[in-house]
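One letter stands for each residue in the lines below.
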Amino acid sequence: MTRILVTGGGGFLGAWILKRLAEGGHAVRIFDRSTDRRVLREIAGELAEQAEWVQGDITDAAALVRAARDCSAIIHLAALLTPACKADPVLGAQVNLIGTLNVFAAAKANGIAQVAYASSGAVFGPDDGARPEPITHYGAFKLATEGCARAYWHDDGIASVGLRPTIVYGPGREIGLTAGPTLACRAAAAGQPFTIDYSGAQDLIFVDDVAAAFAAAATKPITGAHAFSLTGGTADVADVIAAIEADVPGARIGFDGPPVPMAAKIAPTPFEAVLGAIPRTSLREGITRTLAHYRALAPAA
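Since we're looking at a predicted model, the values are computed, not measured.

A. Spatial organisation of the sheet that holds strand E2 (residues 27-32). Pairing within the open sheet is parallel, and its seven strands lie in the order E3-E2-E1-E4-E5-E6-E10. For this open sheet the edge positions go to strand E3 (52-55) and strand E10 (225-230), each flanked by a neighbour on one side alone. With direction set aside, neighbouring strand axes in the sheet form an average angle of 15°. Both strand E4 (residues 73-76) and strand E5 (residues 114-118) contribute to a ladder of three bridges, which runs parallel. Bridge pairing in E5 places His76 opposite Tyr117. Where helix H5 (residues 89-109) meets the sheet, its contacts fall on strand E1 (3-7), E4, E5 and strand E6 (159-165), and the angle it forms with E4 comes to roughly 175°.

B. Seen up close, the layout of surface pockets. Reported here for the largest pocket is a volume of approximately 1,300 Å³. Of all the secondary structure elements, the ones that give two or more residues to the lining of the largest pocket are helix H1 (12-23), E2, helix H2 (38-44), helix H4 (82-87), H5, helix H6 (137-156) and strand E7 (167-169). For the lining of the largest pocket, the residue count by class is 26 nonpolar, 16 polar and eight charged. What lines the second largest pocket is a set of 16 residues, among which Leu230, Thr231, Phe271, Glu272 and Arg280 lie closest to the centre.

C. Seen up close, the packing of aromatic side chains. This model, assessed by the stated rule, comprises five aromatic pairs. Between the aromatic rings of Trp16 and Phe206, the centroid separation amounts to 6.1 Å while the plane-to-plane angle is 70°, which identifies the pairing as edge-to-face. Here Phe206 lies in strand E9 (residues 201-206) and Trp16 lies in helix H1, a separation of 190 residues in the sequence. Take Trp16 and Phe206: they sit in the same class, and that class is buried. Aromatic ring contacts, followed pair by pair, group Trp16, Tyr169 and Phe206 into a single cluster.

D. Here's a closer look at the side chain of Asp208. As for its position among the elements, Asp208 is in helix H8 (residues 207-219). Overall, Asp208 belongs to the buried group, its relative accessible area being 13%. Within polar-contact distance, the side chain of Asp208 engages the side chain of Arg20 at 3.1 Å. The contacts of Asp208, once residues within four sequence positions are left out, are Trp16, Arg20 and Arg289.

E. Main features of H6. With 20 residues, H6 extends 28 Å between its outermost C-alpha atoms, agreeing within 8% with the 28 Å of an ideal straight helix rising 1.5 Å per residue. For H6, every residue scored as buried is listed here: Tyr138, Gly139, Phe141, Lys142, Thr145, Glu146, Ala149 and Tyr152. Along the axis of H6, the buried residues cluster in a sector spanning 160°; they form a single face. Exposed positions of H6 whose direction lies more than 90 degrees from the buried face are His154 and Asp155. Buried residues along H6 sit in contact with H4, H5, E5, E6 and E10. Gly157 sits one or two residues past H6 and shows a positive phi near 70°.

F. Geometry of the sheet that holds E7. Taken in spatial order, the three strands of this open sheet run E7-E9-E11, and their pairing is mixed. Both outer strands of the open sheet, E7 and strand E11 (234-236), are each paired with one neighbouring strand and no more. Neighbour to neighbour, the strand axes of the sheet diverge by 55° on average, direction disregarded. Of the pairings in the sheet, the one linking E7 to E9 comprises three bridges and is parallel in character. Residue pairing for E9: Ile167 is matched across the bridge by Leu204. Against the sheet, helix H9 (residues 237-247) makes contact with E9 and E11, and its axis sits at roughly 80° relative to E11, the strand it touches most. Across the face of the sheet, helix H11 (residues 283-297) comes into contact with E7, E9 and E11 while running at roughly 45° to E7.

Criteria and thresholds
Residues numbered from 1 in each chain as written. Predicted model: local features only at pLDDT ≥ 70, side-chain atom pairs only at ≥ 80, totals over all residues. Heavy atoms only, no water. Pairing = 2+ DSSP bridges. Helix = DSSP H or I, 4+ residues; strand = E, 2+ residues; numbered from the N terminus. Axes fitted to C-alpha atoms, helices over the stretch in contact; angles between N-to-C directions. Contact = heavy atoms within 4.5 Å. 1 Å grid on protein atoms, 1.4 Å probe; cavity = no way out; pocket = protein on both sides within 12 Å on 5 of 7 lines; lining within 4 Å. Points joined across faces, edges and corners; volume = space filled by probe spheres on them. Nonpolar A, V, L, I, M, F, W, Y, C, P; charged D, E, K, R; others polar. Phe/Tyr/Trp six-rings, centres within 6.5 Å; stacked < 30°, edge-to-face > 60°. Buried < 20%, exposed > 50% of the residue type's maximum accessible area, 1.4 Å probe, protein only. Polar contact = N/O pair within 3.5 Å; in protein donor to acceptor, adjacent residues only side chain to side chain. Expected span 1.5 Å × (residues − 1). Arc of directions from axis to C-beta.

Here's what the structure looks like:
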């Protein structure tokens, strides 16, 4: 059995990755500022209790070195999202950039040869989904981590896969600039109105597809430093609402707000040679699964 450290593993994406890893027979050690297992229990059920938990901050390099002992790989998710980086760019850099350097330093200190880390589709600006040119602090920090990962491969032989998900949606997504599609599903399942706070078209990818990619990046033998865009398909906000209404006729979902500062069409980067085949969930199926999840959580009438 291999043990994998997951930084920021107590959140939405971490819960889905935990589920994937545990079902694959891997032990999971979570490193997170919080000790709240609520989201993990919601997504992974009893598997959440099997995870070892280390409370700590990604900016604490020494704590991270200790947490990484006896691990075969690291999945690095801990980050501040777009609104927090905009509000405090220096703190955003300390968490997103310096925190990532701390992860690679911990890998080096513990002889860990492989790191999978969360980059983002935000490395692309609003007009070009092929050439990285971010216009947000969050995207800029994520792009910088890709360069640092390449340096760690060149200098220290630490292999890495940086994954650039676009808008990730699905059960458990509660925070961030683009949480609207998931929050709309939760509201619709409860019979409540909701307004998605952005407009226009964006690429959306279902969370379990992203989790599968991270699990593969941490468990398959790899060499080199890679950065792959993870895309699910471009859809307008109106398409998201239509998919919800197909399952919940009469759902009171609207949208209002500026477009997301990221290109709507992100150029695919072939990753199968490194990660193997990854599931691809359609928007319709992903919305249906998300609504079913929140219906199951609703209290009985």
